[in-house]
Amino acid sequence: MASDRQDTAEAAADPARRIPPGQRHVHGWPVSHYGPVPRFRPDRWNLRVHGATADGAEHSWTFDELAPLPHVTVVADLHCASGPTSTDHEWYGIPATALLDLVPPAPEVTHVMAWAEYGYSANLRLADFTASGTLLATHHNGEPLTAEHGFPLRLVVPHLYGYKSPKWLRAVEYLTEDRRGFWEERGYHNIADPWKEQRYSYQEQGEDGAERDA
Ligand SMILES: Nc1nc2c(c(=O)[nH]1)N[C@H]1C(S)=C(S)[C@@H](COP(=O)(O)O)O[C@H]1N2
Ligand SMILES: [Mo]
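Residues numbered from 1 in each chain as written. Chains lettered and ligands numbered in written order. Predicted model: local features only at pLDDT ≥ 70, side-chain atom pairs only at ≥ 80, totals over all residues. Heavy atoms only, no water.

Engineer: Could you give an account of the pattern of salt bridges, with specific residues and numbers?
Structural biologist: Summed over the entire model, instances satisfying the criterion amount to 10 salt bridges. Two residues, Glu-58 and Arg-48, come together in a salt bridge whose shortest N-O distance is 3.1 Å. Taken as a pair, Glu-58 in the loop between β2 (47–51) and β3 (59–61) and Arg-48 in strand β2 lie far apart in primary sequence, 10 residues in all. The class for Glu-58 is partly exposed, based on a relative accessible area of 48%. With its nearest N and O atoms 2.7 Å apart, the salt bridge here joins Lys-164 to Glu-184. In this pair, Lys-164 sits in the loop between β10 (154–156) and β11 (169–175) while Glu-184 sits in the segment after β11, placing the two residues 20 residues apart along the sequence. One exposure class covers both Lys-164 and Glu-184, and it is buried. Residues joined by salt bridges that share partners form a network here, namely Arg-18, Asp-77 and Asp-88. (Salt bridge = Lys/Arg side-chain N within 4 Å of Asp/Glu carboxyl O. Helix = DSSP H or I, 4+ residues; strand = E, 2+ residues; numbered from the N terminus. Buried < 20%, exposed > 50% of the residue type's maximum accessible area, 1.4 Å probe, protein only.)

As structure tokens, this is what we get:
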């Protein structure tokens, strides 16, 4: 509808309407991560899905084997929990739902752990992983990811703070109960919704950090 389009255009024109509370808009695309940038070794690289899979088996793909999977484009902003929000990232890659179709989780699966090189990890509720914007990105603004932004593959969960989007993704573990990832164990919020400003673990309410009904 025309009015919807106009709303969208206005939102895009007014950064204040799309910058979550407590965040500041930054131009360009800062690099932010803990530790060194890993080197991609195609002969040793694979992406694994393990944990509570429906068939009980672990599945893995080489980088080339990912090419025939479905791909999508997602345009989204990136909100680092330390404050900066960079906008208008055009991601291209494999929707997380395609991975779940290929390797169905056991019925008891409630969360996933996304694992990156050097043991970086981020836990996600299954619903955040299956959200329509979540993808395993290979490209950004039409170019392969650069090394410092996660080449060859990074998870992007656009509706959560950046620490839930591991660069240099290597595995997805299906979990039957929640377990905290790297930053979640170090004082950051288990859920990480930037629109609710869920930055720190001391803000958590309820068992998994989700807000309880009043
Ligand atoms: N492997 C890995 N991925 C990571 C991080 C990290 O330390 N290691 N930092 C996260 C954080 S806190 C943010 S804000 C984003 C930043 O992504 P960018 O450097 O592409 O802007 O990467 C996330 N992914
Ligand atoms: Mo961040």
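Text resumes after the structure shown.
Engineer: A description of unusual backbone geometry should follow, citing residues and the corresponding values.
Structural biologist: Residue Pro-152 is bonded to the preceding Phe-151 through a cis peptide linkage, with omega at 10°. With respect to the secondary-structure elements, Pro-152 resides in the loop between β9 (143–144) and β10. For Tyr-118, which is not glycine, the phi torsion reads 60° and is therefore positive. In this fold, Tyr-118 is placed in the loop between β6 (111–116) and β7 (121–125). Residue Trp-168 is not a glycine yet carries a positive backbone phi of 55°.

Engineer: Hey, could you go over the pairing of β11 for me, with residue numbers and the actual values?
Structural biologist: Within β11, seven of the seven residues are buried, which leaves it mostly tucked inside the rest of the structure. With four bridges connecting them, β2 and β11 associate as parallel partners. Within β11, the residue paired with Gly-51 across the bridge is Tyr-174. Of the strand pairs in this sheet, β6 and β11 are connected by six bridges, and their pairing is antiparallel. (Pairing = 2+ DSSP bridges.)

Engineer: Lay out the nonpolar core in plain terms, naming residues and giving numbers.
Structural biologist: The biggest cluster of nonpolar side chains holds 28 residues, and the ones touching the most others in it are Leu-47, Leu-66, Leu-99, Phe-129, Leu-136, Leu-155 and Tyr-174. Looking at this core, the elements with two or more residues in it are β2, α2 (96–102), β6, α3 (126–129) and β11. Residues contacting Leu-66, with those up to four places away along its chain left out, are Trp-45, Leu-47, Trp-61, His-71, Ile-94 and Leu-153. (Core = buried A, V, L, I, M, F, W, Y, C linked by side-chain atoms within 4.5 Å. Contact = heavy atoms within 4.5 Å.)

Bear in mind that shape data such as this cannot, by itself, settle questions of function.
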